[in-house]
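# Architecture and fold: a report
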Amino acid sequence: MKPYHVPVMVTECIEFLHLKNGGIYVDATLGGGGHSKAMLEANPTISLFGLDQDIEAIEQATIVLEPWADQVCIIQNNFTALRTELAMRKIKGIDGILFDLGVSSHQIDQVSRGFSFEGDAELDMRMDQESELNAFKIVNEMEMYDLAKIIKDFGEELYAKRIAKAIVEARATAEIKSTKQLAAIVESCVKFGKESVKSKARVFQAIRIHVNSELDVLQSALADSINILNPGGRIVVMSYHSLEDRIVKQAFKTASTGCDCPPQAPMCFCNKVPILKSLTRRPILASDSEIENNSRSRSAKLRAAEKIPVEEK
Ligand SMILES: C[S@@+](CC[C@H](N)C(=O)[O-])C[C@H]1O[C@@H](n2cnc3c(N)ncnc32)[C@H](O)[C@@H]1O
């Protein structure tokens, strides 16, 4: 049987998290619980809060983490609700947090979830099966201009306008209901075989990012996470495409820099001080042997940072 998800750069994540005895940690993207399990095995004295918005991930992680049930709290919610969820449990600070972004292999492999352009399923792509917006609504209801913008901005697709036009023309005749129909429309806009596979991947990625508001929620969740880290606490983020990595890099940079008053200002008015120290000048990539064994790790970029203890500010 195919594993639910093979976790990426586990050793590197554990090293950067620097798990301290009795510490409180968060796995913001539980998935199949692979990273959480590794954290608990590496240091069985920690407490762990794990979040995922997908009920199937919650069910799988609950099974995987059952041996540590007394010290693990599993929460089905979007990681934007992290602060609220922790506050409700009277947690004021955490010693580390891990984000392993994007979708799990299970979500892609389950054809019925509609994430993949291989296979045929209803256009869905929701990580949270309860949310209102799905891929069907985007493909069938969105204005051509907005559709093209999403495909360009979130998919970085060269033929975005052409594809959006073809989608709007196709749906004028009949609703576009399936992933196969959408894939065929993209294919009709990009003639060369290899190119069309890349375009399909980019269009599906773009729609998925919009359905799940992936970039917006990331920005706010990173800021919240950095704020609730205890001094010396660590944040580790693995991203899988350049749009996410850019947001992570910027969030770390913003928190790592002090005064941002204009250079012509006679004195500092913002009183901003650095609260974070980056631990990775450049993103860490998976080793060749990991990539050979797990192709998903090929695009992973890991960035880590540490909250600056108060006296160092
Ligand atoms: C790459 S998988 C994580 C795999 C996990 N590290 C493991 O070892 O199995 C990403 C998971 O994060 C979840 N996810 C993505 N964005 C989320 C968000 N904004 N809030 C909550 N969960 C999210 C997805 O549903 C998916 O299960």
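Residues numbered from 1 in each chain as written. Predicted model: local features only at pLDDT ≥ 70, side-chain atom pairs only at ≥ 80, totals over all residues. Heavy atoms only, no water.

Attention shifts here to the domain arrangement of the chain. One can read the domain layout of the chain as domain 1 (10-106 + 214-312) and domain 2 (132-211). With eight residues of domain 1 at the contact, the number on the domain 2 side is six residues. For the domain 1 and domain 2 pair, buried surface summed over both sides reaches about 610 Å², with 51% attributable to carbon and sulfur atoms. Three residues stand out in domain 1 for area buried against domain 2, namely Glu214, His241 and Leu243, and they jointly supply 65% of the buried area on that side. Counting every contact that joins domain 1 to domain 2 gives two salt bridges. (Domains from an automatic or database assignment. Contact = heavy atoms within 4.5 Å. Buried area = accessible area lost by both parts, 1.4 Å probe. Salt bridge = Lys/Arg side-chain N within 4 Å of Asp/Glu carboxyl O.)

It is worth spelling out the layout of surface pockets at this point. Empty space among the atoms becomes apparent when a probe as large as a water molecule is rolled across them. The computed volume of the largest pocket comes to approximately 1,000 Å³. Together, 32 residues line the largest pocket, and Ile108, Ala201, Arg208, Arg296 and Ser299 are the ones closest to its centre. Among the elements of the structure, α5 (105-109) and α10 (193-211) are those that each provide at least two residues to the lining of the largest pocket. Per-element accounting of the lining of the largest pocket gives the leading share, seven residues, to α10. Of the residues in the lining of the largest pocket, the class split is 11 nonpolar, 11 polar and 10 charged. Mapped onto the domain boundaries, the lining of the largest pocket takes at least three residues apiece from domain 1 (10-106 + 214-312) and domain 2 (132-211). Here the second largest pocket defines a volume of roughly 210 Å³. Taken together, 13 residues make up the lining of the second largest pocket; nearest its centre are Ala223, Ile226, Ala251, Thr254 and Ala255. When contributions to the lining of the second largest pocket are tallied by element, the ones reaching two or more residues are α11 (214-228) and α12 (242-256). Residue classes in the lining of the second largest pocket are distributed as seven nonpolar, five polar and one charged. (1 Å grid on protein atoms, 1.4 Å probe; cavity = no way out; pocket = protein on both sides within 12 Å on 5 of 7 lines; lining within 4 Å. Points joined across faces, edges and corners; volume = space filled by probe spheres on them. Helix = DSSP H or I, 4+ residues; strand = E, 2+ residues; numbered from the N terminus. Nonpolar A, V, L, I, M, F, W, Y, C, P; charged D, E, K, R; others polar.)

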